Amino acid sequence: MNILFLLSHYPGYGGIEKVSEYIATYLLRHGYNIVFLSYGTNAQSLIGSTLEGVQFYFLPKPLDYVSNENTTFINDFLKARPFDFVILQDSYAPIEHILKEIDYPWREKLIVVEHNTPMYAIKTINSYFYYDKGLFWLANRVIRYIPSIIKAYWASKDRKQFLLNNCIKYVLLSDSFLKEMHFMVGKHFDNKITSITNPLTISEPTKTNYINSKKKQILFVGRMTNQKGFNLLIKVWKKFSMSNIDNWELVMLAAGADRKKLEQIINKEALKNIRIDNPTTEIYKYYEESAILIMTSIYEGLPLVLAEAMSRGCVPIAFDSFCSVHDIITDGKNGILIPPFNIKEYSCSLSNIVNDKELWTEMSCSALNTSKKFYLENIGKQWECLFNNLK
């Protein structure tokens, strides 16, 4: 079977690029022919390290999503190759126009994969409200952003309906997102919608537990953006620090435009026991030595950082602020869920788990077992099943 992955960026450091490579690796092992077609890359250094066995091509006008040259290239490319399916790894880049301009049996071959919450556009704007700067500031934000939210809703709705009308399957990361799809486009596309979660994008664990590898270390992984709630993270750590008599350290693998702002806040608040490291390809080492992973996101798609940390016995704590978190964390068994956005309860739960070795050990072992459902072999089989059912 011949499969084309269509990506806005490849190769790259992002989650979509890594997930695509892991799924392609599985399919290659099972006899599929895999081709990647990309609008360009922002990671030139990775070009020489792409997957062995995968053919990949760049469009002639890098990152120019609406150029006639790129559209013509895609048209000729598709006609010259007998693909069984085209997988659009959707990153919301404006490339849907090719479905109108290129004569191709999209409705028989196109599989769209949405790698975020279906209400991503709306929740991105909503994330600007989660700051405690007074009533006047909040009122100003409401007046300023309500028109943007309405505009984002209609734009996202129109785009989703267009993709659904022109694909054979639309893949969500979680069944729990179906309600959001109903809010956006109604229920009449349900026969086209399915869900397949993403696989772990780190190596599978080599131990049955990592209890003896752990330091008094709490890990945060994420971009410094409003979505990740780093302002909430600072509040949690400030409150937790009041009872941090054992000198637990917060290690942040963080990058982004707001990193300098974060460093200024840490200095201003005189917060201690915080270390900020740059993101690394060897993130598994941080998971192996950290006892706890904390997440303060306002919303997410399906954050693999939780499952990947759990695969190394790292106990996750997160706000119950996005529905797919329940696909990963069972509160009180393999991690802890906090009512959004209760800073006091979050810091108390963090204090409780660091001071209860027996409870942490039980959760650590359970977390590692939970991560197995995200192994590549399990997710790859779901993709094969989808292909076979569509043929």
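Residues numbered from 1 in each chain as written. Predicted model: local features only at pLDDT ≥ 70, side-chain atom pairs only at ≥ 80, totals over all residues. Heavy atoms only, no water.

### Things to note about the overall build of the protein
Rules: Secondary structure elements follow DSSP: runs of H or I of four or more residues count as helices, runs of E of two or more count as strands, with numbering from the N terminus. Values of the radius of gyration come from C-alpha atoms, whereas the globule rule sets the reference at 2.2 Å times the count of residues to the power 0.38. The cut-offs for exposure are 20% and 50% of the maximum accessible area for each residue type, with area from a 1.4 Å probe on protein chains only; residues under the lower value are buried, those over the upper are exposed, and the others partly exposed. We call two residues in contact when some of their heavy atoms are within 4.5 Å.
A tally of helices and strands in the protein yields 14 helices and 13 strands. Computed over its C-alpha atoms, the radius of gyration of the protein comes to 22 Å, within 12% of the 21 Å expected for a compact globule of 391 residues. Along the first, second and third principal axes, the C-alpha atoms of the protein reach 65 × 55 × 40 Å. Burial status across the protein gives 54% buried among its 391 residues. Within the protein, contacts between residues separated by at least 24 positions form 72% of all contacts whose residues are at least 6 apart in sequence.

### Re the sheet that holds strand β4 (residues 85-90)
Put simply, the rule reads: Pairing between two strands requires that DSSP report at least two bridges joining them. Only C-alpha atoms enter the line fits that serve as axes; for helices the fit covers just the stretch in contact. Angles between N-to-C directions range over 0 to 180 degrees.
Pairing within the open sheet is parallel, and its seven strands lie in the order β3-β2-β1-β4-β5-β6-β7. Edge positions in the sheet fall to β3 (55-58) and β7 (193-195), since each of these pairs with one other strand and no more. For this sheet, the mean angle separating the axes of adjacent strands, direction not counted, is 25 degrees. Where strand β6 (residues 169-172) lies against β7, three bridges are found, and the strand directions are parallel.

### Some details on the pattern of salt bridges
Basically, it comes down to this: Here, a salt bridge means any side-chain nitrogen of Lys or Arg that lies within 4 Å of a carboxyl oxygen of Asp or Glu.
Enumeration over the complete set of coordinates arrives at twelve salt bridges. With a closest N to O distance of 3.4 Å, K215 and E289 form a salt bridge. Of this pair, K215 sits in the loop between β7 and β8 (217-223) while E289 sits in helix α10 (residues 283-289), and the two are 74 residues apart along the sequence. What makes K215 partly exposed here is its relative accessible area of 46%. Note that E282 and K285 form a salt bridge whose closest N and O atoms lie 3.0 Å from each other. Each of D90, E96 and R159 takes part in salt bridges that share partners, so that together they form one network.

### So, the packing of helix α8 (residues 230-241) against helix α12 (residues 343-354)
Heads up, the condition is: Note that the term roughly parallel is reserved for angles under 35 degrees, roughly antiparallel for angles over 145, roughly perpendicular for angles of 65 to 115, and oblique for everything else. Handedness of each helix crossing follows the sense of rotation of the near helix against the far helix: counterclockwise by less than a right angle gives left-handed, clockwise gives right-handed.
Packing of α8 against α12 leaves a shortest axis separation of 9 Å and a crossing angle of 55 degrees. Here α8 lies oblique to α12, going by the angle between them. Here α8 runs over α12; the crossing is right-handed. Listed contacts from α12 to L232, K235, V236, K239 and F240 of α8 are I343, K344, Y346, S347, L350, S351 and V354.

### What to know about the nonpolar core
Let me state the cut-off plainly: Take the buried Ala, Val, Leu, Ile, Met, Phe, Trp, Tyr and Cys residues and link them wherever side-chain atoms come within 4.5 Å; each set so joined is a nonpolar core.
Within the largest apolar cluster, 92 residues are counted, with the highest numbers of intra-cluster contacts made by F5, I111 and W383. Setting aside its immediate chain neighbours within four residues, F5 contacts S20, I23, A24, L27, I34, V35, F36, L37, I87 and Q89. I234, I294, Y346 and M363 belong to the second-largest nonpolar core, a separate cluster that totals 36 residues.

### Digging into unusual backbone geometry
The peptide bond linking Y10 to P11 adopts the cis configuration, its omega dihedral lying at -5 degrees. Unlike most non-glycine residues, Y92 shows phi in positive territory, near 70 degrees. With respect to the helices, strands and loops of the structure, Y92 is situated in the loop between β4 and α3 (98-101). At N247, a position not held by glycine, the phi torsion is positive, near 60 degrees. Position of N247 relative to the elements: it lies in the loop between α8 and β9 (249-255).

### Focus on the pairing of β9
Consecutive residues of a regular strand have side chains that alternate between opposite faces of the sheet. Just so we agree on the cut-off: Handedness rule for crossovers: strands pointing away from the viewer, path from the first strand over the helix to the second running clockwise, crossover right-handed.
Burial within β9 is extensive, with five of its seven residues counted as buried. As judged from the seven bridges shared by β8 and β9, these two strands associate in the parallel manner. What sits directly across from L219, in β9, is V251. Taken together, β8, α8 and β9 form a β-α-β motif whose crossover is right-handed. Pairing between β9 and strand β10 (residues 274-277): four bridges, direction parallel. Note that in β10 the partner of L250 across the bridge is I274.

### Here's the deal with the environment of L233
Secondary-structure assignment places L233 in helix α8. By relative accessible area, which is 0% here, L233 ends up buried. Not counting the four nearest positions on each side in its chain, L233 is found in contact with F220, L250, M252, I294 and T296.

### Some thoughts on the environment of A318
Mapped onto the elements of the fold, A318 is located in strand β12 (residues 315-319). Considered as a pair, A318 and L368 are 50 residues apart in the sequence and their alpha carbons are 17 Å apart.

### Quick look at the packing of aromatic side chains
Applied cut-off: Here the aromatic set is Phe, Tyr and Trp, taking the six-membered ring for Trp, and pairing holds for ring centres within 6.5 Å; pairs whose planes are under 30 degrees apart are stacked, those over 60 apart are edge-to-face, and all others are tilted. As a reminder, the over-ring test applies to NZ of lysine and CZ of arginine, requiring each to be within 6 Å of the ring centre and within 35 degrees of the ring normal.
Tallied over the full model, the rule gives 19 aromatic pairs. Here Y92 and Y120 contribute two aromatic rings whose centre-to-centre distance is 4.7 Å and whose plane-to-plane angle is 5 degrees, an arrangement assigned as stacked. Remark: Y120 occurs in helix α5 (residues 120-126) and Y92 occurs in the loop between β4 and α3; sequence separation between them is 28 residues. Residue class for Y92 comes out partly exposed when judged on its relative accessible area of 26%. Pairing Y120 with Y299 gives two aromatic rings, centres 6.4 Å apart and planes at 70 degrees, and the pair type is edge-to-face. Pair noted here: Y120 is in helix α5 and Y299 is in the loop between β11 (292-295) and α11 (304-310), with a separation of 179 residues, a long-range link. By relative accessible area, Y299 is classed as buried at 3%. Taking the ring centre of Y57 as reference, the NZ or CZ of R81 above it sits at 5.1 Å.

### Points about the pairing of β12
The element β12 is largely enclosed, with a buried count of five among its five residues. What you see with β12 is no split at all: V315, I317 and F319 on one side and P316 and A318 on the other are buried throughout. Where β11 and β12 come together, four bridges link them in parallel fashion. By the bridge assignment, I292 is partnered in β12 with V315. In terms of strand pairing, β12 meets strand β13 (residues 336-338) through three bridges, oriented parallel. Looking at β13, one finds that F319 is bridged to I338.

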